[in-house]
Amino acid sequence: QLRTRLVPVNAKYPIEKVIDACNEYYEKTKRIITFEYVLLKGENDSISSARKLAALTRRVRAKVNLIACSPYPGSSQKAPDLKDLEKFAGILRSMAVMVTIRRSKGADILAACGQLAGKRV
């Protein structure tokens, strides 16, 4: 339900189909899948969310890139604190998931990932 709300394309491509496609891709190419996971403070950054993400991504030969939300003026979404981001990553690592924390650049000029799409002229 959370994924459907945050990622509307989930209605067309449910996560189970995505996982099946990832496994099929891996079988054909032997290339590790990379999941990009944007953390939204109070939305998908809980311990429960970390455990669910770990269970899901362990079904595939995958690694996870964690990306803190890049808020922009007028957005209700916030980035988690660094300690919460690191705690989330720690939970994934404790569950044998390869994790990279991506550091944001360009937020000071509203040019970080996702911010350009949020700006309207």
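Fair warning: this is a prediction, and the values are worked out from it, not measured in the lab. (Residues numbered from 1 in each chain as written. Predicted model: local features only at pLDDT ≥ 70, side-chain atom pairs only at ≥ 80, totals over all residues. Heavy atoms only, no water.)

## Topic: the nonpolar core
We apply this condition: Among buried residues, those of type Ala, Val, Leu, Ile, Met, Phe, Trp, Tyr and Cys that are joined through side-chain atoms within 4.5 Å constitute a nonpolar core. Accessibility here uses a 1.4 Å probe with only protein chains present; expressed as a share of the type maximum, an area under 20% marks a residue as buried, one over 50% as exposed, and anything in between as partly exposed. A helix here means a DSSP run of H or I that spans at least four residues, while a strand means a run of E at least two residues long, and both kinds are numbered starting from the N terminus.
Counting 23 residues, the largest nonpolar core has Phe-35, Tyr-37, Val-60, Val-64, Leu-66, Phe-88 and Leu-92 as the members making the most contacts within it. If you list the elements that add at least two residues to this core, you get α2 (15–29), β1 (33–39), α3 (47–57), β2 (62–68), α4 (82–94) and β3 (98–102).

## Quick notes on the pattern of salt bridges
For clarity, the threshold we go by: The salt bridge criterion pairs a side-chain nitrogen of Lys or Arg with a carboxyl oxygen of Asp or Glu, the two atoms within 4 Å.
Under the definition given, this model contains 7 salt bridges. With a shortest N-O distance of 3.5 Å, Lys-28 and Glu-24 are connected by a salt bridge. Here Glu-24 and Lys-28 lie together in helix α2, a separation of 4 residues that amounts to about one turn. Taking relative accessible area as the criterion, Lys-28 reaches 66% and is therefore assigned exposed. A relative accessible area of 47% places Glu-24 in the partly exposed class. Where Asp-81 meets Lys-41, a salt bridge forms, and the shortest distance between an N and an O atom there is 3.7 Å. In this pair, Asp-81 sits in the loop between β2 and α4 while Lys-41 sits in the loop between β1 and α3, placing the two residues 40 residues apart along the sequence. Exposure remark for Asp-81: the relative accessible area of 35% places this residue in the partly exposed category. On the basis of relative accessibility, which here comes to 42%, the residue Lys-41 falls in the partly exposed class.

## Points about the pairing of β2
Which entries qualify depends on this criterion: DSSP bridges decide pairing: two strands pair if at least two such bridges lie between them. The handedness rule is simple: strands pointing away from the viewer, and a clockwise path from the first strand over the helix to the second, make the crossover right-handed.
Among the 7 residues of β2, 6 are classified as buried, and the element is accordingly described as predominantly covered. In the sheet, β1 pairs with β2 via 7 bridges, with the strands oriented parallel. Counterpart to Glu-36 in the pairing with β2 is Asn-65. Where the polypeptide runs from β1 across α3 and back to β2, its parallel neighbour, the crossover connection is right-handed. Pairing geometry for β2 and β3, over 5 bridges, is parallel. In the strand pairing of β3, Val-64 is matched with Val-99.

## Remarks on the packing of α3 against α4
Basically, it comes down to this: Interaxial angles span 0 to 180 degrees and are taken between N-to-C directions of axes, which are lines fitted to C-alpha atoms, for helices over the stretch in contact. Crossings are classed by handedness, with left-handed meaning an anticlockwise turn of the near helix from the far one by less than a right angle and right-handed meaning a clockwise turn. The contact criterion used throughout is that any non-hydrogen atoms of two residues lie within 4.5 Å. Throughout, the ten residues Ala, Val, Leu, Ile, Met, Phe, Trp, Tyr, Cys and Pro are labelled nonpolar, Asp, Glu, Lys and Arg are labelled charged, and all others, Gly among them, are labelled polar.
Interhelical geometry of α3 versus α4 gives an angle of 35° and a closest axis separation of 9 Å. The chirality of how α3 crosses α4 is right-handed. Two secondary-structure elements touch here, α3 through Ile-47, Ser-49, Ala-50, Arg-51, Leu-53 and Ala-54 and α4 through Lys-87, Phe-88, Ile-91 and Leu-92. In terms of residue class, the contact of α3 with α4 is made up of 7 nonpolar, 1 polar and 2 charged.

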